[in-house]
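# Structural features, examined
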Amino acid sequence: MTDTEADQQRASVRDRRPVILVAARFEEGHAHKTEKLAPNECGARVFFDAILAAGGLPVQMSLTDDEDVIDEYVALADGVAIPGGPDVDPKLWGEEAPYDEALLCHVRDACELPLVRKVLAADKPLFTTCRGTQMLNVVCGGTLDMDVPSIPRREGSVAHDHADLLTRTSHRVEIKPGSLLERASGSRGYAVNSAHHCCVKDLGEGLVLSATSDDGIPECIEMPGKRFVLGVQWHPEYTWMPGGPDFNLWKAFVGACR
């Protein structure tokens, strides 16, 4: 290979969109006339649009617990993104108290637990939102608080609902100086949306808390020992369109995948 051909090959690699593996959401099949349709493995369009706008090539994976298949997906990917969804099963960190099965998704748990573990082991960029962030913490040995409304708030603060606001902001996050979140967002704090009733409790091994809401609820975790591991509790896939800090998160993630 000549020097010119080598330069062209390197330019081609730089110019191509990095492949972003997106973990699938799960929807139960519904009745249609006399039959029940198969479940759907799907994703929110805004999530894929955010990755595309940031320069990535989103590829949705299948929901599988076959670790050989998951290995192939991770090998294919330049980075991995895990979206929100139902609650993570408390039994995964040893909680035996009864929990509402209607709030869980065992199919996603069975797929995402080994997926996150393998992505971390391969040191590939990982960006998680809401449930995805909670799964990241659980994979690393952490625990979750399953009832945000009952958590004592920071003294003197206004307690936020933290639920059911996706297309508009709900509260501010306070970002730790020097954190990956600060570098990625370009901000020390800004207003985000909010739609969760669970959150990080005890941090998993290797993770640090890099942001809280202004009433003290954990909002972002990251892993300083890795190339790019960032988990936010909010939904930047709904708020990236105007540009600003949330779009910066997507661009920083895709940039890390190049």
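What you are looking at is a predicted structure, and each value in this text was computed from that prediction instead of being measured. (Residues numbered from 1 in each chain as written. Predicted model: local features only at pLDDT ≥ 70, side-chain atom pairs only at ≥ 80, totals over all residues. Heavy atoms only, no water.)

### Details of the overall build of the chain
Which entries qualify depends on this criterion: Labels follow the DSSP assignment, with helices taken as runs of H or I lasting at least four residues and strands as runs of E lasting at least two, numbered in each case from the N terminus. Note that the radius of gyration is over C-alpha atoms, with the globule rule given as 2.2 Å times the number of residues to the power 0.38. With a 1.4 Å probe rolled over the protein chains alone, any residue whose accessible area is under 20% of its type maximum counts as buried; one over 50% counts as exposed, and the rest are partly exposed. Contacts are residue-level and defined by heavy atoms, with any inter-residue pair within 4.5 Å sufficient. Only the protein chains shown count as cover for residues, and all accessible areas are computed by the Shrake-Rupley method using a 1.4 Å probe. Asp and Glu are treated as the negative residues and Lys and Arg as the positive ones, with His and the ends of the chain left uncounted. Just so you know, the charge point we use is NZ for Lys, CZ for Arg, CG for Asp and CD for Glu.
Across its full length, the chain holds 7 helices and 15 strands. In terms of C-alpha radius of gyration, the chain reaches 19 Å, essentially the compact-globule figure of 18 Å for 258 residues. Taking the principal axes of its C-alpha atoms as reference, the chain extends roughly 65 × 55 × 35 Å. The burial tally for the chain puts 50% of its 258 residues in the buried class. Here the analysis covers contacts within the chain between residues at least 6 apart in sequence; of these, 68% occur between residues at least 24 apart. Split by element, the accessible area of the chain, about 12300 Å² in all, is 51% carbon and sulfur. Between the averaged position of the 26 positive side-chain charges in the chain and that of its 40 negative side-chain charges there is a distance of 6 Å.

### Some details on the pattern of salt bridges
Going by this rule: Here, a salt bridge means any Lys or Arg side-chain nitrogen found within 4 Å of an Asp or Glu carboxyl oxygen.
Within the structure shown, the criterion is met by 10 salt bridges. The partner of R16 in a salt bridge is D78, with the nearest N and O atoms 3.0 Å apart. Of the two residues, R16 sits in the loop between α1 (3–15) and β1 (19–22) while D78 sits in the loop between α3 (67–76) and β7 (79–82), which places them 62 residues apart along the sequence. Classification of R16 as partly exposed rests on a relative accessible area of 39%. The closest approach of N and O atoms between R153 and D215, which form a salt bridge, is 2.8 Å. Residue R153 is located in the loop between β9 (144–145) and β10 (171–175), and its partner D215 is located in the loop between β13 (208–213) and β14 (218–222); the two are separated by 62 residues in the primary sequence. Residue classification places D215 among the buried positions, given a relative accessible area of 0%. Through salt bridges with shared partners, one network takes in R108, D109, E112 and R131.

### Considering the nonpolar core
The tendency in soluble globular proteins is for nonpolar side chains to be buried as a group. The test is simple: Residue types Ala, Val, Leu, Ile, Met, Phe, Trp, Tyr and Cys, when buried and joined through side-chain atoms within 4.5 Å, form a set referred to as a nonpolar core.
Ranked by internal contacts, the top residues of the largest apolar core, which has 31 residues, are V80, L115, V116, L120, L126 and L136. Taken together, the elements giving at least two residues each to this core come down to α3, β7, α4 (106–122) and α5 (131–139). Sort the elements by how many residues they give to this core and α4 lands first, with 5 residues. With near-sequence residues (within four places) excluded, L136 lies in contact with V116, L120, L126, T128, L207, I221 and V229. The next biggest cluster of nonpolar side chains, apart from the first, holds 30 residues, and it includes V22, I51, I175 and F253.

### Here we look at the packing of helix α2 (residues 45–53) against helix α7 (residues 245–257)
Here is the rule we go by: To define axes, lines are fitted to C-alpha atoms, for helices over the stretch in contact only, and angles between the resulting N-to-C directions are given on a 0 to 180 degree scale. Left-handed describes a crossing whose near helix is turned anticlockwise from the far helix by less than a right angle; the clockwise case is right-handed. Each residue gets one of three labels, nonpolar for Ala, Val, Leu, Ile, Met, Phe, Trp, Tyr, Cys and Pro, charged for Asp, Glu, Lys and Arg, and polar for the others, Gly among them.
Where α2 meets α7, the closest approach of the two axes is 8 Å, and the angle between their N-to-C directions is 65°. Once α2 is placed against α7, the crossing between them reads as right-handed. In contact with F47, A50, I51 and A53 of α2, α7 contributes F247, W250 and V254. Of the residues contributing to the contact of α2 with α7, the split by class is 7 nonpolar, no polar and no charged.

### Describing α2
What sets the pattern is the α-helix's 3.6 residues per turn: residues three or four places apart point alike. Looking only at α2, the buried set comprises V46, F47, F48, A50 and I51. Directly beyond the C-terminal end of α2, a positive phi value near 105° is found at G55.

### A word on the sheet that holds strand β8 (residues 126–129)
Note the following rule: Criterion used throughout: strands pair if DSSP finds at least two bridges between them.
Spatial ordering of the open sheet is given by β6-β1-β7-β8-β15-β14-β13-β10-β11, a layout of 9 strands whose pairing is mixed. Of all the strands in the sheet, just β6 (57–60) and β11 (189–192) have a single pairing partner and so form its edges. Put simply, the sheet's adjacent strands are angled 20° from each other on average, direction ignored. In terms of strand pairing, β1 meets β7 through 3 bridges, oriented parallel. When the bridges of β7 are listed, V22 appears paired with A81. Contacting β1, β7, β8 and β15 (229–232), α4 runs over the sheet at an angle of about 145° to β7.

### Details of the packing of aromatic side chains
What counts here: Aromatic pairing here means that ring centres of Phe, Tyr or Trp (its six-membered ring) are within 6.5 Å. Orientation follows from the plane angle: under 30 degrees is stacked, over 60 is edge-to-face, and everything else is tilted.
If you walk through the whole model with that rule in mind, you get 6 aromatic pairs. With centroids separated by 5.1 Å and ring planes inclined at 85°, the aromatic side chains of F47 and W250 adopt a geometry described as edge-to-face. A residue pair is termed long-range when its members are at least 10 positions apart, and F47 in helix α2 and W250 in helix α7 qualify at 203 residues. In terms of burial, F47 and W250 fall into one category: buried. Each member of the aromatic cluster is reached from another via a ring pair, and the members are F47, F127, F228, W250 and F253.

### Brief notes about the pairing of β8
What counts, and what does not: Assignment of crossover handedness uses the view with strands pointing away from the viewer, where a clockwise path from the first strand over the helix to the second indicates a right-handed crossover.
The alternating pattern of β8 places L126 and T128 on one face and F127 and T129 on the opposite face, and all of these are buried. Remark: the β7/α4/β8 crossover connection has right-handed handedness. Sheet analysis places β8 next to β15, joined by 4 bridges and oriented parallel. Within the sheet, the bridge partner assigned to L126 lies in β15 and is V229.

Purely geometric stuff here, so don't read any function into it on its own.
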